[in-house]
Amino acid sequence: MAPKKKTAAKKQQQPDRTYPEGVEVLSSKVSFEGPVFRVVTDEVREPGGRALRRDVVRHPGSVVVLAVDDSKNNRDPLILLERQYRHAAAQYLYEVPAGSLDPGEDPLAGAKRELLEETGYKAKHWSKLIRFYASPGFLGEWMQIYLAEGLTPGDAEPEDDEQIELFAVPLSELLRQIDAGRIHDGKTIAATLIYDRLRKERKRAERAAA
């Protein structure tokens with residue numbers, strides 16, 4: 001669900017965030033305002049004293065959902081994957097469910113909304129994994145990954161511009177595809193590898209406690 005487009009454009013703005021010591025924003029203006037993100041042009045004095053121009057894509061943040069179904073095979077659970085065309089990449093990509101937060105939306109609520117909208121699934125158990133910046137050289141978007149377990153199916157309600165094919169792939173196969181370089185989506189790679197590591201740590205702890 002995309003935020004409403006704002007009417008403000010190309011105006012001077014005060015920074016809406018704090019910066020570390022040694023960084024001073026000298027001026028800031030919105031160079032582009034779209035329905036999902038805006039591009040801000042800052043004149044900033046960075047550590048070292050140099051004044052530089054930085055064009056930054058500002059985004060409200062995204063949630064990523066690693067949805068796991070281990071009801072039939074606990075040793076090799078199924079991972080929900082989506083296949084959809086990504087124009088920026090000029091190709092179809094396999095990805096875990098994800099989406100932008102609405103302004104002021106709680107990240108966990110956003111994750112539950114995105115999973116339901118894109119896949120029709122609900123989850124009984126939710127765990128927060130990691131939060132990261134996808135490309136901090138120019139993109140201010142952060143991503144929060146959640147693990148969703150205890151899945152129950154339902155009807156998906158994707159956005160009008162989303163054409164999604166849904167797959168359930170065994171974890172072992174997804175790991176093989178990552179190792180073979182066939183999964184190109186960074187959030188999917190990160191979520192899968194972190195989950196695989198956590199599973200292995202959990203198994204080691206269970207064996208040590210036995």
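Relevant structure appears above.
Note that the coordinates shown come from a computational prediction; the quantities given were computed from them, not determined experimentally.

What counts, and at which threshold
Residues numbered from 1 in each chain as written. Predicted model: local features only at pLDDT ≥ 70, side-chain atom pairs only at ≥ 80, totals over all residues. Heavy atoms only, no water. Pairing = 2+ DSSP bridges. Helix = DSSP H or I, 4+ residues; strand = E, 2+ residues; numbered from the N terminus. Phe/Tyr/Trp six-rings, centres within 6.5 Å; stacked < 30°, edge-to-face > 60°. Buried < 20%, exposed > 50% of the residue type's maximum accessible area, 1.4 Å probe, protein only. Lys NZ or Arg CZ within 6 Å of the ring centre and 35° of its normal.

### Here's the deal with the pairing of strand 6 (residues 91–95)
Across five bridges, strand 5 (residues 78–86) lies against strand 6 in antiparallel orientation. Its bridge partner being in strand 6, Arg83 is matched across the sheet by Tyr94. Taking the residues that link successive antiparallel strands as the turn, the strand 5-strand 6 hairpin has four residues, and the phi of Ala90 there is positive, at about 60 degrees.

### Details of the packing of aromatic side chains
Both the distance between ring centres and the angle between the ring planes are used here to describe each pair of aromatic rings. Within this structure, the stated rule accounts for four aromatic pairs. Note on Tyr85 and Tyr92: the rings are 5.7 Å apart at their centroids and 65 degrees apart in plane angle, and the pair reads as edge-to-face. Among the residues examined, Tyr92 registers a relative accessible area of 48% and is labelled partly exposed. Note on Trp126 and Tyr146: the rings are 6.4 Å apart at their centroids and 75 degrees apart in plane angle, and the pair reads as edge-to-face. With Trp126 in strand 8 (residues 122–133) and Tyr146 in strand 9 (residues 142–152), this pair connects stretches of sequence that are 20 residues apart. Sitting over the ring of Trp142, Arg131 keeps its end group 3.7 Å from the ring centre.

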